[in-house]
Every structure is written in C-alpha cells, then in structure tokens.
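A closer look at the structure
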Amino acid sequence: MTDQPLAGKTILMSGGSRGIGLAIALRAAADGANVALLAKTDTPHPKLEGTVHSAAEQIRAAGGQALPIVGDVRNDDDITEAVLKTQGEFGGIDIVINNASVIDLSRSLDLPAKKYDLMQDVNVRGTFLLSRAAIPILRESENPHILSLSPPLNLDPKWLGAHTGYTLAKYGMTMVTLGLAAEFADDGIAANTLWPRTTIATAAVQNLLGGDRVMAASRTPEIYADAAYEVLVMPARAFTGQTLIVEDVLADAGITDLSGYAAVPGTPEERMFPDIFL
C-alpha cells in the first residue's frame, strides 16, 4: 500500500459541511483525494458553522480537490445531478459516504409526523438512492467502497424503546448498507457501516444530547475520520458487510492510545460519555 492510498480517489459524500463528515473529507484530502459534497448548506446558518462552500475551501487547503454541490439528498434529481457532476469533474467515483442524517430523540407520542418522515427520507431513502445511483460508476473503480455512518443492529429494547422514530431511521441506514453489501458482493463493491463507542463533539451533541457537559466528555470528529480512513483503504472484495465500531477499527490498525482524541485534553477514558445504540 502506498503512503497515500486515497490519492486521486474520488469520494461522493452526502452532507459534509461540518462535523464528522467534514473531518472525514479532510482526512481523505490529506492524501490528495477528490471530494464532492452534496449538501443543502449554500448560505451560513445563524446557529451552525460552515457551508458546502467553506467546506470545499478547507478540503482544497488540506491538499485535495473539492466539488461543492448544492442539493438535497431527498431529491432524486439532485442525486442524479450530483453523481453525474462528480463523474464529469473527476472521471469516476470510488467511494460513497452516506453522512447526511437527521436526529430527533423525541418519544413516539411527541414526534411530529413530518419529522418522522424527514428522518426516513434523509437517513434511509437518501442512503439507498445515493448509493444506488453511484453503483454503475463504482463498478468501474479498482477499490469501490460505500460507507454509511450508522450503528450496528442492536435489538435491545433499551434502544428500540428509547426513541423509536430515530432508531428506525438509523437502523434503516444500516440495513440498506448491509443489503447492498450482499447484493453487490460479486461486483467487488464493499458496503460497511461505522459508529463510535463514545459521543463525538459535534453540533448535534451540543444542541440535542446534553450541551456542554456531554461535549466535554466526548471525542473529536477526527477519531471518526481516522477510523473511516482505515476502512476506505481496505481491499473492498475482502472487507464488506460489516457493522464496524470506530475504536475497534483503530485498535485493529494498531492505534490504542485514544487520549489525543479527547475534546477536552486530559479527560480520562472512564469519563467519556457512551454513545447510543451500543
């Protein structure tokens, strides 16, 4: 394997304007990868940092090429346009990353129907349609990967009953990915999922999961990015159909000291806040 195995490889990612998706894009860009981002964030959000354009600037500064595509993963035409634009700009697609996701932890009686539909549309339908649209091009890649940022299927009632609408949407992402892994194994297209053991310091954690207290007991998005990188450089034919955990992937790569990923330096392992679904 070369020192920069993703050099010249092309990634199509849903979302990616900030947080975990951007961190993964920047890690790939350090190798010299091409990154196309399909995201809605054309203009700055009053409460959230980053747009698809600022993300593209950071990708270029990190050493990669970037293609910002303003669009919605819920829109079939936007997905088709993103795939065609990416192929046209970079000559192919090697990797699809299903990063776009909507979270709402409301209990079932409190969850608006529109929000339930939104989570299904973005998380499940978006994962299926973006991956499907890219598969004819992925077939031409030397080492094609689909990676979805979703959890293993844990049927413990603790999670099934905690936030049923959100659980269905995230497990739906995983089931789509595992289904594609089985369906396209003969084509050599890997499809895996990746999820962290602890919370990650992102806007979602800050705003929805516990504010400053949980943020201080989280790890940085770079831990997710480094694990995703390890997955994406694996031989696709031999490494597919797995629901992977970030920390386990890093351990298999020989990275066992995770202290450098603490959002607050010096936070001991035992004080890290566990993520949901595990």
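Residues numbered from 1 in each chain as written. Predicted model: local features only at pLDDT ≥ 70, side-chain atom pairs only at ≥ 80, totals over all residues. Heavy atoms only, no water.

Section: the packing of aromatic side chains
For clarity, the cut-off: The rule is short: rings of Phe, Tyr and Trp, with Trp giving its six-membered ring, pair when the centres are within 6.5 Å, and they are stacked under 30 degrees, edge-to-face over 60, tilted in between. Segments assigned H or I by DSSP are reported as helices when at least four residues long, segments assigned E as strands when at least two residues long, and all are numbered from the N terminus. Relative accessibility thresholds used throughout: buried, under 20% of the residue-type maximum; exposed, over 50%; partly exposed, between the two (1.4 Å probe, protein chains only). Lysine NZ or arginine CZ positioned within 6 Å of the ring centre and within 35 degrees of the ring normal marks a charge as sitting over the ring.
This structure, assessed with the given rule, holds 4 aromatic pairs. Between Y171 and F277, the aromatic rings sit 5.3 Å apart at their centres with planes inclined by 50°, giving tilted as the arrangement. With a gap of 106 residues between them, Y171 in helix α6 (residues 164-183) and F277 in the segment after α10 (246-252) connect regions that are remote in the sequence. Each member of the pair, Y171 as well as F277, is classed as buried. Ring geometry for W195 and F277: centres 5.9 Å apart, planes at 55°, overall tilted. One end of the pair, W195, is in strand β6 (residues 190-195); the other, F277, is in the segment after α10, and 82 residues separate them in sequence. With respect to burial, W195 and F277 carry one shared label: buried. Among the aromatic residues, those joined into a cluster by ring pairs are W159, Y166, Y171, W195 and F277. Residue placement shows R27 over the ring face of Y229; its charged tip is 3.7 Å from the ring centre.

Looking at the sheet that holds β6
Convention followed: Here, a strand pair is defined by DSSP locating no fewer than two bridges between the strands. Between N-to-C directions, angles cover 0 to 180 degrees, with each direction set by a line fitted to C-alpha atoms, over the stretch in contact for helices. Note on definitions: a residue-residue contact is assigned when non-hydrogen atoms from the two residues lie within 4.5 Å.
Ordered by their spatial adjacency, 7 strands build an open sheet running β3-β2-β1-β4-β5-β6-β7, and the pairing between neighbours is parallel. The open sheet has two edge strands, β3 (65-70) and β7 (243-245), and neither has a second partner. Neighbouring strand axes in the sheet, compared pairwise and without regard to direction, differ in orientation by 20° on average. Note that strand β5 (residues 145-148) and β6 share 4 bridges and pair parallel. Bridge assignment links S148 to a residue of β6, and that residue is T193. Sitting on the sheet, helix α4 (residues 113-138) is in contact with β1 (10-14), β2 (34-39), β4 (95-98) and β5, with an inclination near 180° to β4. Contacts from α6 reach β4, β5, β6 and β7, with the element oriented near 150° to β6.

Side note on the environment of E81
Assignment of secondary structure puts E81 in helix α3 (residues 76-90). In this structure E81 comes out as partly exposed when scored by relative accessible area, which is 34%.

Thoughts on the side chain of D78
So the rule is basically this: By the counting scheme adopted, Arg and Lys are positive, Glu and Asp are negative, and His together with the chain ends is not counted. Any Lys or Arg side-chain nitrogen found within 4 Å of a carboxyl oxygen on Asp or Glu counts as a salt bridge.
You can see D78 is positioned in helix α3. No salt bridge is formed by the buried D78. Its closest oppositely charged neighbour is R74, at 8.5 Å. Ignoring sequence-local partners within four residues, the contact set of D78 consists of L38, G71 and D72.

A few points about the pairing of β2
For the record, the criterion: Orient the strands so they point away from the viewer, and a crossover whose first-strand-to-second-strand path over the helix runs clockwise is right-handed.
Within β2, 6 of the 6 residues are buried, which leaves the element mostly enclosed by the surrounding structure. Burial of the side chains of β2 extends over both faces: N34, A36 and L38 are buried on one face and V35, L37 and A39 on the other. As paired strands, β1 and β2 are joined by 5 bridges and run parallel to one another. Paired with M13 across the two strands is L37, which belongs to β2. Each parallel crossover has a hand, and for β1 linked through helix α1 (residues 19-29) to β2 it is right-handed. Strand direction decides the pairing type here: β2 and β3, joined by 6 bridges, are parallel. Following the sheet pairing, A36 is matched in β3 by L67.

Remarks on the environment of P44
For P44, the location among the structural elements is in the loop between β2 and α2 (52-62). Along the sequence, P44 and S54 sit 10 residues apart, while their C-alpha atoms lie 9.4 Å from each other.

As for the packing of α1 against α2
What counts, and what does not: The scheme is simple: roughly parallel for angles under 35 degrees, roughly antiparallel for over 145, roughly perpendicular for 65 to 115, oblique for anything else. Left-handed is the label given to a crossing in which the near helix is rotated counterclockwise from the far helix by less than a right angle, and right-handed is the label when the rotation is clockwise. Under the scheme applied, nonpolar residues are Ala, Val, Leu, Ile, Met, Phe, Trp, Tyr, Cys and Pro; charged residues are Asp, Glu, Lys and Arg; polar residues are all the others, including Gly.
For the pair α1 and α2, the least separation of the axes is 8 Å and the interaxial angle reads 25°. Our classification of the angle between α1 and α2 gives roughly parallel. With respect to the hand of their crossing, α1 and α2 are arranged in right-handed fashion. Facing L22, A25, L26 and A29 of α1, the residues of α2 in contact are A55, Q58, I59 and A62. Looking at the contact of α1 with α2 residue by residue, the classes come out as 7 nonpolar, 1 polar and no charged.

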